[in-house]
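Chain residues, written in single-letter form:
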Amino acid sequence: MRKLPFDKAKLEAIAAIWPTPFHIYDEKAIRENAKRLKKAFAWNKGFKEYFAVKACPNPYLMKILKEYDFGGDCSSMAELVLSEKVGNTGEDIMFTSNDTPAEEFLKAYELKAIINLDDITHWPFLNRVLDEAGVPGGEARWEGRIMCCRYNPGPLKGGNAIIGKPEEAKYGFTRDQLLSCYRQMKEAGVKRFGLHTMVASNELDPEYIIDTAKLLFTLAGEIKETAGVEVELVNIGGGIGIPYKPDQKAMDLEYVGDGIERAYKELVTGKGMGRIRLCMECGRCITGPYGYLVARVRHIKNTYRLYAGLDACMSNLMRPALYGAYHEIVVPGKEDAGETSVYDVTGSLCENNDKFAIQRVLPVMEPGDLVVICDAGAHGHAMGFQYNGKLRSAELLLQTDGVTREIRRAETLDDYFATLNFDGL
Ligand SMILES: *Cc1c(COP(=O)(O)O)cnc(C)c1O
């Protein structure tokens, strides 16, 4: 049974102020995890984690992570602006976008972000955007800036369960395109370079992450030899998984850190290359296990199956409906209840896949019981939507001092109608 950072009495006190459903994040656990990640890679001078903003785009959490020197991995205008708001600019932003619109390239350039190109055609596209914006050309354009390319290894790298086969993924350059782009950028006066790939999602095998670093270190050597470009940073992407299921094990970050250090000694130091800063852009493993969706049982329904209908629905947490994902469910106060039943735990959306759990053994529940859905801290609230007139919930922070703070209010009907003008009817 999952250990929660709050008990039933504490949750009821919180719910008396902020009615269910809400997301709540455990600040203490987020801080401890951030420290641990930094420590595992402390051997690499200049190591940096760029928190994938899309996983949990809340500026209060981003600001906490900034205290550990985490930057922001952005891929949209809103994410760039959020990063700017928390004081992440310049090299504290990695702009890893795809199918990128002109205005986002321009914004990233203005913020002096590290721009990570997704395609060889984006290099001339970016230059055209900057020309049109009146940004001076030539070497001055790239003065002090790091330009990066996203590598897609295609068949050279086996597939990851969620992200699929790299050669079927829409992201990144082929090897030849990559080498060509580095040459073009060098000719244009770019002096600082990075190299990126992202080939994992929710990966729990540490060897897969270590292999990704090996692949990039080797490629960095080839880029130096064939394009005469030395990359100063290698970004292994995000995708470190978390143990959603009780029988899964968390990624051993120390093991990954040690494994990548060994690869670095062999493939970077051992090959006489200059220093390379290791970067990553994880989202899920940074906030995922430390966020909870708290809801209340609204109805118990007994037909062909037994249903526990909650006041939350898939607009609060879409992963089970979208991927059939497993999330642990705890009924606070009934953790040790002897009496159990088998439930489908549902939301109120008019879609039959609006189920947080299917045929799950849980303590016998009554209307009014609190229910905690675990591991909702990444790709949880963030994926929320308003289909079926459902509103997004509040986000709360359980602070280190034990006090709860609202870090995003719940949406209201006025928010839902804000884009409609009824006067034109
Ligand atoms: C989604 C995404 C991430 C974060 O992935 P996690 O699984 O949350 O670690 C990082 N980088 C890019 C480019 C992404 O699209």
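Moving on to the nonpolar core. In terms of nonpolar packing, the biggest core is built from 88 residues, with Leu117, Tyr182, Met185, Leu195 and Phe217 touching the most fellow members. A per-element tally of this core places helix α8 (residues 206-227) first, with 11 residues. Taken domain by domain, the makeup of this core includes at least three residues from each of domain 1 (8-22 + 289-417) and domain 2 (89-282). Of all hydrophobic cores here, the second largest spans 19 residues; its members include Leu310, Ala312, Leu317 and Val331.

Now for the sheet that holds strand β7 (residues 192-197). If you trace the 8 strands once around the closed barrel, you get β2-β3-β4-β5-β6-β7-β8-β9, paired in parallel fashion. Going from strand to strand, the sheet's axes swing by 25° on average, the running direction of each strand aside. Looking at chain direction, strand β2 (residues 48-52) and strand β9 (residues 277-280) are connected through 2 bridges and run parallel. By the bridge assignment for β9, glutamate 49 is matched with methionine 280. This element, helix α5 (residues 102-110), spans β4 (93-96) and β5 (114-117) of the sheet and lies at about 145° to β5.

Turning to the site of the ligand, a few remarks are in order. Taken together, 13 residues sit near the ligand, with Lys54, Gly239, Glu281, Arg284 and His379 positioned nearest. At 2.7 Å, a side-chain N or O of lysine 54 approaches an oxygen atom of the ligand. Contact with the protein chains removes 89% of the 390 Å² of surface that the ligand exposes when unbound. A majority-of-atoms criterion places the ligand in the largest pocket. Tallied by class, the residues present in the shell around the ligand amount to 3 nonpolar, 5 polar and 5 charged.

Relative to strand β10 (residues 291-302), strand β1 (residues 22-26) runs antiparallel, the two being bridged by 4 bridges. When the bridges of β10 are listed, tyrosine 25 appears paired with glycine 291. As paired strands, β10 and strand β15 (residues 370-373) are joined by 4 bridges and run antiparallel to one another. In the sheet register, arginine 296 faces β15, and the bridge partner there is leucine 370. As paired strands, β10 and strand β11 (residues 306-310) are joined by 5 bridges and run antiparallel to one another. Paired with histidine 299 across the bridge in β11 is glycine 309. In sequence, β10 turns back onto β11 through a hairpin of 3 residues.

Interaxial distance between helix α4 (residues 77-85) and α5 falls to 10 Å at its minimum, and their mutual angle equals 20°. Judged on the interaxial angle alone, α5 and α4 are roughly parallel. Two packed elements cross with a definite hand, and for α4 against α5 that hand is left-handed. Each of Met77, Leu80, Val81 and Glu84 in α4 lies in contact with α5, whose residues at this interface are Glu103, Glu104, Lys107 and Ala108. By residue class, the composition of the contact of α4 with α5 is 4 nonpolar, no polar and 4 charged.

Our next topic: unusual backbone geometry. Omega for the peptide link from threonine 20 to proline 21 comes to -5°, which places this bond in the cis form. Inspection of the secondary structure puts proline 21 in the loop between α1 (8-17) and β1. In this model, aspartate 375 sits at a positive phi of 60°, which is unusual for a non-glycine residue. Relative to the assigned elements, aspartate 375 resides in the loop between β15 and β16 (394-398). Residue classification places aspartate 375 among the buried positions, given a relative accessible area of 2%.

A few words now on the domain arrangement of the protein chain. Domain annotation of the protein chain identifies domain 1 (8-22 + 289-417) and domain 2 (89-282). Inter-centroid distance (C-alpha atoms) of domain 1 to domain 2 is 37 Å. Contacts between domain 1 and domain 2 engage 6 residues on the former and 6 residues on the latter. Between domain 1 and domain 2, roughly 600 Å² of surface is buried when both sides are summed, and carbon and sulfur atoms account for 63% of that area. Three residues, Arg319, Tyr326 and Asp375, lead the burial of domain 1 against domain 2; their summed loss comes to 66% of the area buried on that side. Scanning the region where domain 1 abuts domain 2 turns up 0 salt bridges. At the junction of domain 1 with domain 2, the criterion picks out 0 residue pairs in polar contact (both at pLDDT 80 or more).

How each quantity is defined
Residues numbered from 1 in each chain as written. Predicted model: local features only at pLDDT ≥ 70, side-chain atom pairs only at ≥ 80, totals over all residues. Heavy atoms only, no water. Core = buried A, V, L, I, M, F, W, Y, C linked by side-chain atoms within 4.5 Å. Buried < 20%, exposed > 50% of the residue type's maximum accessible area, 1.4 Å probe, protein only. Helix = DSSP H or I, 4+ residues; strand = E, 2+ residues; numbered from the N terminus. Domains from an automatic or database assignment. Pairing = 2+ DSSP bridges. Axes fitted to C-alpha atoms, helices over the stretch in contact; angles between N-to-C directions. Contact = heavy atoms within 4.5 Å. Near = heavy atom within 4 Å. Polar contact = N/O pair within 3.5 Å; in protein donor to acceptor, adjacent residues only side chain to side chain. Areas by Shrake-Rupley, 256 points an atom, 1.4 Å probe, with all protein chains shown as cover. 1 Å grid on protein atoms, 1.4 Å probe; cavity = no way out; pocket = protein on both sides within 12 Å on 5 of 7 lines; lining within 4 Å. Sits in = over half its atoms within 2 Å of the grid points. Nonpolar A, V, L, I, M, F, W, Y, C, P; charged D, E, K, R; others polar. Parallel < 35°, antiparallel > 145°, perpendicular 65-115°, else oblique. Left-handed = near helix turned anticlockwise from the far one by under 90°. Buried area = accessible area lost by both parts, 1.4 Å probe. Salt bridge = Lys/Arg side-chain N within 4 Å of Asp/Glu carboxyl O.

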